[in-house]
Amino acid sequence: AQSVTQPDIHITVSEGASLELRCNYSYGATPYLFWYVQSPGQGLQLLLKYFSGDTLVQGIKGFEAEFKRSQSSFNLRKPSVHWSDAAEYFCAVEVVEYGNKLVFGAGTILRVKS
Amino acid sequence: NAGVTQTPKFRVLKTGQSMTLLCAQDMNHEYMYWYRQDPGMGLRLIHYSVGEGTTAKGEVPDGYNVSRLKKQNFLLGLESAAPSQTSVYFCASSYLAGVDNEQFFGPGTRLTVL
């Protein structure tokens, strides 16, 4: 069955440090992959998406993610974290059932130390 | 454009009470979805619709009903609320499904069932 694993429940980084959030997926077909961010009390905002082509995708707010088929991974990175990046981050894969639903990981909460 | 809006933002119910959550989108999207978000579990699909007048069950449909009488609106009903339905509910919409069709999310409704 399709699934998304985000191994880190919480991550704390210092402001200005680099960030990598891990995501592994399990899906038999070509994956369409997404990263969403959720600020406290807010809805989900799309950071970036991968459908095909270049395996390194750029998103908003300076984020990027790299798709590695051999590792079934889609890790999110940012070279220098800002305090405003503190939020919860969700990785998701689109699956061809239930109207092309999204299967989400459990999320990673990012805390930024000043 | 307002995007995807949800009403109400917060609600407290007693066990056995009923209520309806309203989702509205002004992007002329065909697909609409209702997800619930629970701590440590990401988002799970409750029901979805692929067009006006159509609805279908998602992963966790028990205890919920939906209707899509108008293309822009997707209603989620709880006929007899239970404490297990305490959650944050998100509505999402997309123009179509598949390649290059991202889901746009509303701000969520926080529901507590006592």
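The rules we used
Once a new chain begins, its residue numbering starts again from 1 and follows that chain's sequence as written. Just so you know, chain letters begin at A and ligand numbers begin at 1, following the order they were written in. Where totals are concerned, whole chains, interfaces and linings use all residues; where local detail is concerned, this predicted model gives features only for residues with pLDDT of at least 70, and gives and counts side-chain atom pairs only at 80 or more. Only hydrogens and water are set aside; all other atoms, that is, all heavy atoms of the structure, feed into the side-chain values. Strands are runs of DSSP state E lasting at least two residues, helices are runs of H or I lasting at least four, and both sets are numbered from the N terminus onward. Atoms counted for the radius of gyration: C-alpha only. Globule rule: 2.2 Å times residue count to the power 0.38. Burial here depends on accessible area, computed with a 1.4 Å probe over protein chains only, as a share of the maximum for the residue type. Under 20% is buried, over 50% is exposed, and the range in between is partly exposed. Here, strands pair whenever DSSP counts at least two bridges between them. Lines fitted to the C-alpha atoms define the axes, with helices restricted to the stretch that makes contact. Angles between their N-to-C directions range from 0 to 180 degrees.

1. So, the overall build of chain A
Counting its secondary structure elements, chain A contains 0 helices and 12 strands. Each helix (α) and strand (β) of chain A, taken in turn from the N terminus, gives the series β-β-β-β-β-β-β-β-β-β-β-β. The C-alpha radius of gyration of chain A comes to 14 Å, within 12% of the 13 Å expected for a compact globule of 114 residues. Oriented by its inertia axes, the alpha-carbon framework of chain A measures out at about 40 × 30 × 20 Å. A total of 114 residues make up chain A; the buried ones form 48% of that total.

2. A closer look at the overall build of chain B
Looking only at helices and strands, chain B features 0 helices and 11 strands. For chain B, whose C-alpha radius of gyration is 13 Å, the value lies close to the compact-globule estimate of 13 Å for 114 residues. Once the C-alpha set of chain B is aligned to its principal axes, its extents read approximately 40 × 30 × 25 Å. Here chain B, with 114 residues, has 48% of them falling under the buried criterion.

3. Digging into the pairing of strand β10 (residues 87–94) of chain A
Within a regular beta strand, the side chains point alternately toward one face of the sheet and then the other, so they alternate between its two faces. Residue and element names in this part refer to chain A. In terms of burial, β10 is a largely internal element, 7 of the 8 residues being buried. In the sheet, β10 pairs with strand β12 (residues 108–113) via 3 bridges, with the strands oriented antiparallel. Following the sheet pairing, Ala-87 is matched in β12 by Leu-110.

4. Quick notes on the sheet that holds strand β7 (residues 64–67) of chain B
Strand pairing in a sheet relies on backbone hydrogen bonds. The paired strands run either parallel or antiparallel. All names here are of chain B. Reading across from one edge, β1-β3-β8-β7 is the order of the 4 strands in this open sheet, with antiparallel pairing throughout. Two strands lie at the open edges of the sheet, namely β1 (4–7) and β7, each paired on one side alone. Here the strands of the sheet are splayed against their neighbours by 20° on average, with no regard to which way each runs. Where β7 and strand β8 (residues 73–78) come together, 4 bridges link them in antiparallel fashion. Note that in β8 the partner of Val-66 across the bridge is Leu-76.

5. Digging into unusual backbone geometry
In this model, Thr-7 of chain B is joined to Pro-8 of chain B through a cis peptide bond whose omega is -5°. Relative to the helices and strands, Pro-8 of chain B is located in the loop between β1 and β2 (10–13). At Lys-61 of chain A, a residue that is not glycine, the phi angle is positive and equals roughly 60°. In this fold, Lys-61 of chain A is placed in the loop between β7 (56–58) and β8 (64–68). Classification of Lys-61 of chain A as partly exposed rests on a relative accessible area of 45%. Notably, Ser-72 of chain A is not glycine yet its phi reads approximately 50°, a positive angle. Locating Ser-72 of chain A in the fold gives a position in the loop between β8 and β9 (73–78). Note on Ser-72 of chain A: relative accessible area 26%, which makes it partly exposed.

Geometric values such as these leave the question of function open.
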